[in-house]
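Geometric and topological summary
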Amino acid sequence: MARESKEAKRARAKTVVDALARQMPEAKIELTYGDELQLLVAVMLSAQCTDKLVNTVTPALFARHPTAAHYARSTPALLGEQIRRVGLWRTKAKNLHATMTLLAAEGGTIPRTRAALEELPGVGWKTAGVVANHAFGTPALPVDTHVGRVSRRLGFTAQEDPRKVESDLSLLWPPERWGLAHQLLIWHGRRTCFARKPLCSTCVVAEHCPRKGVKLSG
Ligand code: SF4
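Reading the values: the criteria
Residues numbered from 1 in each chain as written. Predicted model: local features only at pLDDT ≥ 70, side-chain atom pairs only at ≥ 80, totals over all residues. Helix = DSSP H or I, 4+ residues; strand = E, 2+ residues; numbered from the N terminus. Rg over C-alpha atoms; globule rule 2.2 N^0.38 Å. Buried ≥ 20, exposed ≤ 12 C-beta atoms within 10 Å, placed from the backbone. Contact = placed C-beta atoms within 7 Å. Axes fitted to C-alpha atoms, helices over the stretch in contact; angles between N-to-C directions. Parallel < 35°, antiparallel > 145°, perpendicular 65-115°, else oblique. Left-handed = near helix turned anticlockwise from the far one by under 90°. Nonpolar A, V, L, I, M, F, W, Y, C, P; charged D, E, K, R; others polar. Near = placed C-beta within 6 Å. Expected span 1.5 Å × (residues − 1). Domains from an automatic or database assignment.

Turning next to the overall build of the protein. Each helix and strand counted, the protein has 11 helices and 0 strands in total. Computed over the C-alpha atoms, the radius of gyration of the protein is 19 Å, within 12% of the 17 Å expected from 2.2 N^0.38 for a compact globule of 218 residues. Dimensions along the principal axes, computed over C-alpha positions, put the protein at roughly 60 × 30 × 30 Å. For the protein, the proportion of its 218 residues judged to be buried stands at 36%. If you take every contact in the protein between residues at least 6 apart in sequence, the share linking residues at least 24 apart comes to 58%.

Take the packing of helix α2 (residues 36-45) against helix α3 (residues 51-64) next. Contact pair α2 / α3: the axes reach a minimum separation of 10 Å and the direction vectors enclose 140 degrees. Between α2 and α3, the crossing angle belongs to the class labelled oblique. Once α2 is placed against α3, the crossing between them reads as right-handed. Contacts from Gln38, Val41, Ala42 and Leu45 of α2 reach α3 at Val54, Val57, Thr58 and Phe62. A breakdown of the residues in the contact of α2 with α3 according to their chemical character gives 6 nonpolar, 2 polar and no charged.

Taken together, 14 residues lie around the ligand, and Cys193, Pro198, Cys200, Cys203 and Cys209 are the ones closest in. Class assignment of the residues belonging to the shell around the ligand gives a composition of 10 nonpolar, 1 polar and 3 charged.

With that out of the way, let us pick up helix α11 (residues 175-191). In this model α11 runs 25 Å from its N-terminal to its C-terminal C-alpha over 17 residues, within 8% of the 24 Å that 1.5 Å per residue would give. Of all the positions in α11, only Trp178, Gly179, Ala181, His182, Gln183, Leu184, Leu185, Ile186, Trp187, His188 and Gly189 are classed as buried. For α11, the secondary structure elements touched by its buried residues are α1 (6-23), α8 (125-136), α9 (145-153) and α10 (162-169).

Domain parsing of the protein yields domain 1 (6-28 + 141-208) and domain 2 (36-136). Computed from C-alpha coordinates alone, the two centres of domain 1 and domain 2 are separated by 27 Å. Facing the 6 residues of domain 1 at the interface are 5 residues of domain 2. A breakdown of the residues in the side of domain 1 that touches domain 2 according to their chemical character gives 3 nonpolar, 1 polar and 2 charged.

A word on the packing of α9 against α11. Contact geometry of α9 with α11 gives a least axis separation of 8 Å together with a crossing angle of 85 degrees. It follows from the interaxial angle that α9 and α11 lie roughly perpendicular. Contacts between α9 and α11 involve His146, Val147, Arg149, Val150 and Ser151 from the former and His182, Leu185, Ile186, His188, Gly189 and Arg190 from the latter. Here the contact of α9 with α11 is composed, by residue class, of 4 nonpolar, 5 polar and 2 charged.

Over its 12 residues, α8 extends 16 Å from the first C-alpha to the last, a length consistent with the 16 Å expected when each residue adds 1.5 Å. Listing the buried residues of α8 in full gives Lys126, Thr127, Ala128, Gly129, Val130, Val131, Ala132, Asn133 and His134. In this structure, the buried residues of α8 make contact with α2, α7 (114-118), α10 and α11. Count one or two residues on from α8 and you reach glycine 137, which has phi positive near 70 degrees.

With that out of the way, let us pick up the environment of glutamine 183. As for its placement among the helices and strands, glutamine 183 is situated in helix α11. Each residue touching glutamine 183, except ones within four places of it in the same chain, is listed here: Ala27, Lys28 and Ile29.

Position of leucine 154 relative to the elements: it lies in the loop between α9 and α10. According to the C-beta neighbour criterion, leucine 154 is buried, with 22 such atoms within 10 Å. Once the C-alpha coordinates of leucine 154 and cysteine 209 are considered, the two residues, 55 residues apart in sequence, prove to be 4.9 Å apart. Aside from chain neighbours lying at most four places away, what touches leucine 154 is Val16 and Cys209.

Our focus in this paragraph is the environment of alanine 128. Following the sequence through the fold, alanine 128 ends up in helix α8. The buried category is assigned to alanine 128, around which 24 C-beta atoms lie within 10 Å. Leave out the neighbours within four places in its chain, and alanine 128 touches Arg114, Leu117, Glu118 and Val123.

Now the structure itself:
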């Protein structure tokens, strides 16, 4: 593909998100949660683990721990027993307990900014972005494995580092569309633009993708 101007790339990015939104109007976060606290816990547990698996563990966990104080009164070992089916459960249980202890000491309120969320144990920039965006409507375009892979294939970034990818992507859409772009790229990566065998022949954005039909390795 000839070198694309910034304007042309932004126009293409708009077309891609519009097409994906038409195809998947139901796209939304696939973690099950009822409030901000449950969202934070679910996103913390979802690192390197499928949402589906997290959703099998959280109903019982949420029922036992309705507030941050309930988690704080537990122990990492007990929490570990309750999330054992989730990958990296030992580390996650430790971080969950430490984060909830901090939040309980502050009255159980969840920080509203991405920067403040990132200060919590076990909460990285991506997790903080997902929570800030879904719980508080803060514009954010967190980059997970799907967002990164699909964005590189679409020629929206050449970066591998998630923060650099996010920085590139944030130039392509206005902030009010960042959350939507994030969600649609995840859904596209989970349903069509698979890591190993992307379904280019049925992809609704194929005509806007420089990687269509090219043998893909990632
Ligand atoms: S054309 Fe293929 S590589 Fe490009 S976005 Fe669609 S599925 Fe992914």
